[in-house]
Amino acid sequence: YMALLKDCTKKKDLQQGTKLHADIIKRGLLEKNPYLATTLINMYAKCGVLAKAQQLHDEFDAKNVVSWNALIMGYAQHGQGHESFSCFERMLSEGFSPDAVTFTCILKACGNIQSAEKGIQIHYDVVCRGLLQKDIVLGTALVDMYCKCCALDKAQEVFEQLPVRDVVTWNALIGGYVQDGFSDEALKCFRKMLDEGVSPQAVTYICILKACGNAGFLEIGEDIDAKIRQQGLLQDIVLGTALVDMYCKCGALAKAQEVFEQLPRKDIVAWNALITG
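What you see is a predicted model, and the numbers here were worked out from it, not measured in a lab.

> I'm lost on the overall build of the protein chain in this one. Help?
For the protein chain, the count of helices and strands is 17 helices and zero strands. Projected onto the principal axes, the alpha-carbon positions of the protein chain cover approximately 65 × 45 × 30 Å. Every one of the 277 residues in the protein chain was classed for burial, and the buried ones make up 46%. By sequence separation, contacts in the protein chain at least 24 residues apart represent 59% of the contacts at least 6 residues apart. A total accessible area of about 13,700 Å² is found for the protein chain, and carbon and sulfur atoms account for 53% of it. The positive charge centre, built from 29 side chains, and the negative charge centre, built from 33, are 6 Å apart in the protein chain.

Structure, rendered in structure tokens:
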């Protein structure tokens with residue numbers, strides 16, 4: 001049942017997950033296995049049925065950090081940052097000690113509600129526990145939280161202090177600069193990332209193309225286009241649309257039309273980019 005529920009969670013197949021839940025209750029398995037209950041809570045939370053996840057969690061006698069994390073992350077992932085933070089505070093009040101996953105979840109919630117004040121409190125707790133030296137995902141979540149709260153100086157400071165940085169960490173910082181309209185800073189980060197030997201992902205290129213379009217950096221955008229083609233990434237519809245949008249914003253409409261025609265499929269967003277251009 002745990003394996004099947006995890007598969008439902010991955011596919012976000014709520015209908016099948018609900019049937020499994022009914023069968024589990026029928027067989028009286030929930031009372032015997034706390035891990036099964038936690039997996040159910042996680043399935044409902046990831047599928048966005050947060051009231052059901054909350055109900056199960058409240059009825060669950062053997063609460064643990066994993067079950068709390070599932071609920072906190074469920075609220076955070078579905079844009080309900082305040083509810084996520086309420087769960088976190090309840091978790092603490094009931095005597096549970098948060099782990100790196102908990103802090104990663106709650107930092108996402110802080111970013112969602114753009115509460116730098118709460119984020120700074122979490123940051124302090126993370127540092128006191130010495131977790132930043134051990135967990136790159138947590139470090140990335142901290143950078144991302146400060147970026148979403150428009151505290152880019154703080155995001156850069158945290159980024160520089162991380163012992164290890166991967167492409168996701170770089171994406172968080174670059175995306176933060178682009179989001180706040182600092183195209184030059186985003187491009188500086190991108191160049192430094194390449195200098196450090198970190199290979200860009202499609203997400204990286206999407207951010208940089210947005211920076212090029214915002215600032216009118218056509219030549220740099222053309223260089224990125226060449227890199228995308230070399231890596232065979234033009235099959236990605238979101239990346240292809242970002243390329244069309246960049247050329248449109250730089251006034252290179254013939255080039256935008258050419259890229260558009262080469263896309264393997266065209267959705268409404270791609271059409272909108274070209275029409276707007």
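> Honestly, the packing of helix α14 (residues 218-230) against helix α15 (residues 237-249) in this entry has me stumped. Any pointers?
Any two packed helices are characterised by the angle at which their axes cross and by the distance between the axes. For the pair α14 and α15, interaxial distance at closest approach is 10 Å and the crossing angle is 155 degrees. When the axes of α14 and α15 are compared, the pair comes out roughly antiparallel. The two elements α14 and α15 cross, and the hand of that crossing is left-handed. In this structure, α14 uses Leu218, Gly221, Glu222, Asp225 and Ile228 to contact α15, whose residues at the interface are Leu239, Leu243, Met246 and Tyr247.

> Could you clarify how one ought to interpret the nonpolar core in this entry?
In globular proteins that are soluble, nonpolar side chains generally tend to be buried together. Membership of the largest hydrophobic core comes to 92 residues, with the highest contact counts inside it found for Ile122, Val143, Ile174 and Val244. Top contributing element to this core by residue count: α15, with eight residues. Ignoring any residue separated from it by four or fewer positions in sequence, one finds Ile122 in contact with Phe85, Phe88, Phe103, Ile106, Leu107 and Cys110.

> Looking at this structure, how should I read the layout of surface pockets?
Empty space left among the atoms is revealed by rolling a probe the size of a water molecule over them. Space inside the largest pocket adds up to approximately 330 Å³. Contributing elements (two or more residues each) for the lining of the largest pocket: α2 (14-26), α3 (34-46) and α4 (50-59). At four residues, the largest contribution of residues to the lining of the largest pocket is made by α4. Partitioned by chemical class, the residues of the lining of the largest pocket number eight nonpolar, three polar and four charged.

> I keep staring at the environment of Asp245 and nothing clicks. Help me out?
Residue position: Asp245 is located in helix α15. Accessibility expressed as a relative area gives 25% for Asp245, which makes it partly exposed. Note: C-alpha distance between Asp245 and Leu274 (29 residues apart in sequence) is 6.9 Å.

Definitions and cut-offs
Residues numbered from 1 in each chain as written. Predicted model: local features only at pLDDT ≥ 70, side-chain atom pairs only at ≥ 80, totals over all residues. Heavy atoms only, no water. Helix = DSSP H or I, 4+ residues; strand = E, 2+ residues; numbered from the N terminus. Buried < 20%, exposed > 50% of the residue type's maximum accessible area, 1.4 Å probe, protein only. Contact = heavy atoms within 4.5 Å. Areas by Shrake-Rupley, 256 points an atom, 1.4 Å probe, with all protein chains shown as cover. Lys, Arg positive; Asp, Glu negative; His and termini not counted. Charge placed at Lys NZ, Arg CZ, Asp CG, Glu CD. Axes fitted to C-alpha atoms, helices over the stretch in contact; angles between N-to-C directions. Parallel < 35°, antiparallel > 145°, perpendicular 65-115°, else oblique. Left-handed = near helix turned anticlockwise from the far one by under 90°. Core = buried A, V, L, I, M, F, W, Y, C linked by side-chain atoms within 4.5 Å. 1 Å grid on protein atoms, 1.4 Å probe; cavity = no way out; pocket = protein on both sides within 12 Å on 5 of 7 lines; lining within 4 Å. Points joined across faces, edges and corners; volume = space filled by probe spheres on them. Nonpolar A, V, L, I, M, F, W, Y, C, P; charged D, E, K, R; others polar.

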